[in-house]
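A closer look at the structure
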Amino acid sequence: MMRTASVIACIAVVLLSGCGSAAPPPSAPPPATPTDQAAFRDLYKELVETNTSASAGDCTLAAQRMAARLKKAGYPDGDLNVFVPPDHPKDGGLIATLHGTDPASKPILLLAHIDVVEAKQEDWGRDPFKLVEENGYFTARGAVDDKSMAAIWVDSLIRYRAENFRPKHDIKIALTCGEEGGAQVNGAEWLVKNHRDWIDAAFALNEGAAGTLDEQNNRVSLDIQAGEKVYQNFTLRTTDPGGHSSRPGPFNAIGALGGALARISAFNFPTQVNDVTRASFERRGALTPGPMGQAMKALAANPNDAAAAATLSADPVFNATLRTTCVPTQIQGGHARNALPQQAEANVNCRIFPGTPGADVQKTLTDVINDPKITIQPVEPFTSAAPVPPLSDTILRPATEVAAKMWPGVPLIPTQSTGATDGRYLNEGGIPTYGLSGRFYRTGDDHTHGLNERILARSLYESRDYLYEVTKLYANS
Ligand SMILES: [Zn+2]
């Protein structure tokens with residue numbers, strides 16, 4: 001009850017302050033009040049303190065707790081779908097819907113994963129599933145990845161309901177388990193394969209992008225992610241009858257495999273540029289001093305500028321942005337110190353440029369290896385080679401408008417991720433998915449997946465205001 005009262009009180013303040021202007025700007029963020037933030041903080045705390053790691057956690061419980069909050073805020077049971085994949089009682093998730101006024105227009109989907117990376121009490125020196133607020137930070141496992149966003153989505157739905165906000169499009173949130181790997185069922189993948197209709201949407205917002213702070217915590221830029229590279233492993237294997245190591249022949253399984261891996265390591269896939277990376281280099285180039293900035297601007301102007309590509313390729317992140325990469329990550333072989341190896345095997349991990357078929361990468365690797373005694377097989381079935389989602393005005397304008405109001409002068413920069421999130425399943429499933437958070441941090445300061453994962457309290461609250469506001473614009477567009 002206390003919570004509901006404080007939310008309503010806050011909204012009253014927002015409405016009153018908004019009433020003063022003849023045409024209230026739709027993208028003006030509401031002034032955050034301490035009581036309003038306290039309600040959100042309480043929700044965020046509950047979600048973070050619900051252990052959802054694969055070993056000891058329970059995503060279904062977290063989903064139920066968030067559903068209970070939405071029910072208390074007035075959402076009927078029919079709009080709260082706690083789903084549980086068969087035979088995985090703890091890997092559940094939640095889909096909740098705020099209905100729009102136009103049934104003909106497609107919903108906007110807000111995706112966040114609620115599972116977290118393992119965290120051990122003995123490593124942390126305290127309970128990693130207790131939210132600690134100190135020195136301006138919230139610290140706990142999942143404080144950022146991705147419970148900050150999950151809590152913001154639930155909180156936004158509660159606020160919209162309290163305001164009686166009736167957007168044109170339905171707003172759906174999907175909180176899912178299993179993004180971090182391990183034994184949990186991946187909820188986003190499961191939904192796309194089994195209940196695509198539950199999450200059908202014009203487009204989705206997801207994790208995958210943030211803003212950058214400099215060393216003094218000044219805002220430098222805000223990223224919007226459109227497109228991700230595709231994760232694909234290949235097994236390289238070679239076999240041999242083997243024998244006594246004192247009588248080696250011309251062929252050696254480990255030697256042959258080593259040669260193949262050396263050729264792969266020395267090989268660079270050709271550079272590729274698409275709309276997203278081109279825009280990214282153009283805008284980032286304007287912020288980057290020296291030869292790197294020059295190279296970014298040159299490549300944006302001419303994607304065939306080989307010298308610019310070479311300069312950028314010296315940086316591992318930009319190199320990964322410019323091409324498919326494939327690297328050996330594991331190796332094993334032989335069975336005794338004094339025996340010729342009967343087999344040798346390696347894993348090669350590829351990050352495939354969006355839109356490139358996995359079979360093409362396999363063919364390139366086969367050509368580079370150039371040794372018929374070495375087989376190369378995909379570990380996972382190839383995924384569809386989805387191109388990057390379009391950077392349309394519908395997507396960019398609201399994100400830019402709200403950012404300009406909250407952080408004047410901070411540019412919005414499109415990015416293509418070198419890693420992958422659950423966005424890949426949605427993009428493959430035909431739902432264009434964008435990473436957008438409005439969360440700013442200093443590079444490396446968030447410690448996601450590591451010890452003392454943390455988020456600046458200021459950044460969390462700003463992210464909440466940004467996403468609340470930008471979703472409103474999308475839902476009425
Ligand atoms: Zn993660």
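First, a word on scope: everything that follows refers to the structure included in this document. None of the values given here were measured: they were computed from a predicted structure. (Residues numbered from 1 in each chain as written. Predicted model: local features only at pLDDT ≥ 70, side-chain atom pairs only at ≥ 80, totals over all residues. Heavy atoms only, no water.)

Examining the overall build of the protein chain
- Helix and strand counts for the protein chain come out as 15 helices and 19 strands.
- For 477 residues, the compact-globule estimate of 2.2 N^0.38 gives 23 Å, and the C-alpha radius of gyration of the protein chain, at 25 Å, lies within 12% of that figure.
- Judged by the C-alpha coordinates and their principal axes, the protein chain covers about 90 × 50 × 50 Å.
- Considering the protein chain as a whole, with its 477 residues, one finds that 51% of them fall into the buried category.
- Counting only contacts in the protein chain whose residues sit at least 6 apart along the sequence, the fraction spanning at least 24 positions is 78%.
- Element-wise, carbon and sulfur atoms account for 54% of the exposed surface of the protein chain, whose accessible area totals about 20500 Å².
- Side chains of the protein chain carry 44 positive and 52 negative charges; the gap between the two charge centres is 1 Å. (Helix = DSSP H or I, 4+ residues; strand = E, 2+ residues; numbered from the N terminus. Rg over C-alpha atoms; globule rule 2.2 N^0.38 Å. Buried < 20%, exposed > 50% of the residue type's maximum accessible area, 1.4 Å probe, protein only. Contact = heavy atoms within 4.5 Å. Areas by Shrake-Rupley, 256 points an atom, 1.4 Å probe, with all protein chains shown as cover. Lys, Arg positive; Asp, Glu negative; His and termini not counted. Charge placed at Lys NZ, Arg CZ, Asp CG, Glu CD.)

Observations regarding the pattern of salt bridges
- Inspection of the entire model under this criterion finds 23 salt bridges.
- Among the salt bridges present, the one from Asp 36 reaches Arg 464, with a minimum N-O distance of 2.9 Å. Taken together, the residues Asp 36 in helix H2 (residues 34–48) and Arg 464 in helix H15 (residues 457–476) connect sequence positions 428 residues apart.
- Residue classification places Asp 36 among the buried positions, given a relative accessible area of 2%.
- A salt bridge links Glu 133 to Arg 41; its shortest N-O distance comes to 2.8 Å. Remark: Arg 41 occurs in helix H2 and Glu 133 occurs in strand S4 (residues 132–134); sequence separation between them is 92 residues.
- Classification of Glu 133 as partly exposed rests on a relative accessible area of 41%.
- For Arg 41, a relative accessible area of 26% gives the class partly exposed. (Salt bridge = Lys/Arg side-chain N within 4 Å of Asp/Glu carboxyl O.)

Considering the coordination of the zinc ion
- Within the protein, Asp 145 (OD), Glu 180 (OE), Glu 180 (OE) and His 449 (NE2) serve as the donor atoms for the zinc ion, at 1.9 to 2.8 Å.
- Around the zinc ion, the four donor atoms sit at angles spanning 51 to 140°, and that spread fits a shape best called irregular.
- Mapped onto the sequence, the residues coordinating the zinc ion show the spacing D-x34-E-x268-H. Of this pair, Asp 145 sits in the loop between strand S5 (137–139) and helix H5 (147–163) while Glu 180 sits in the loop between strand S6 (171–176) and helix H6 (187–194), and the two are 35 residues apart along the sequence. (Donors = N, O, S within 2.8 Å, 3.2 Å for Na, K, Ca; no water. Tetrahedral: all angles 85-135°; square planar, octahedral: opposite > 155°, others 65-115°.)

Let's talk about helix H8 (residues 275–285)
- Taken together, the buried positions of H8 are Val 276, Thr 277, Ala 279, Ser 280, Phe 281, Arg 284 and Gly 285.
- The secondary structure elements touched by the buried residues of H8 are strand S9 (219–228), helix H9 (290–301), helix H10 (306–313), helix H11 (316–322) and strand S16 (412–417).
- The backbone nitrogen of Val 276 lies 3.1 Å from a side-chain oxygen of the residue at the head of H8, namely Asn 274. (Polar contact = N/O pair within 3.5 Å; in protein donor to acceptor, adjacent residues only side chain to side chain.)

Some words on the sheet that holds S5
- Taken in spatial order, the three strands of this open sheet run S4-S5-S19, and their pairing is antiparallel. For this open sheet the edge positions go to S4 and strand S19 (454–456), each flanked by a neighbour on one side alone. Taken pair by pair, the neighbouring strands of this sheet meet at an average axis angle of 20°, ignoring direction.
- Sheet topology note: the S4/S5 ladder contains three bridges and is antiparallel. Residue pairing across strands places Glu 133 opposite Phe 138, the latter belonging to S5.
- Packing against the sheet, H15 makes contact with S4, S5 and S19, and its axis sits at approximately 75° to S19. (Pairing = 2+ DSSP bridges. Axes fitted to C-alpha atoms, helices over the stretch in contact; angles between N-to-C directions.)

What to know about the packing of helix H3 (residues 59–72) against H5
- H5 packs onto H3 with a crossing angle of 15° between their chain directions and a minimal axis gap of 9 Å. One way to sum up the angle between H3 and H5 is to call them roughly parallel. For the pair H3 and H5, the sense of crossing is right-handed. On H5, the residues that touch Met 66, Arg 69 and Leu 70 of H3 are Val 154, Leu 157 and Ile 158.
- Of the residues that constitute the contact of H3 with H5, the class distribution is five nonpolar, no polar and one charged. (Parallel < 35°, antiparallel > 145°, perpendicular 65-115°, else oblique. Left-handed = near helix turned anticlockwise from the far one by under 90°. Nonpolar A, V, L, I, M, F, W, Y, C, P; charged D, E, K, R; others polar.)

Digging into the sheet that holds strand S10 (residues 230–239)
- Strands sit in the order S12-S14-S10-S15 across an open sheet of four strands; the sheet is antiparallel. Each edge of the open sheet is held by one strand with a lone partner, namely strand S12 (325–333) and strand S15 (375–378). Across the sheet, the mean angle from the axis of one strand to that of its neighbour is 25°, orientation sign disregarded.
- Relative to strand S14 (residues 343–352), S12 runs antiparallel, the two sharing eight bridges. Along S14, the bridge assignment pairs Gly 333 with Ala 344.
- Against the sheet, helix H7 (residues 253–266) makes contact with S10, S12 and S14, and its axis sits at roughly 15° relative to S14, the strand it touches most.
- Of the strands in this sheet, S10, S12, S14 and S15 touch helix H12 (residues 358–369), which is tilted by about 165° from S15.

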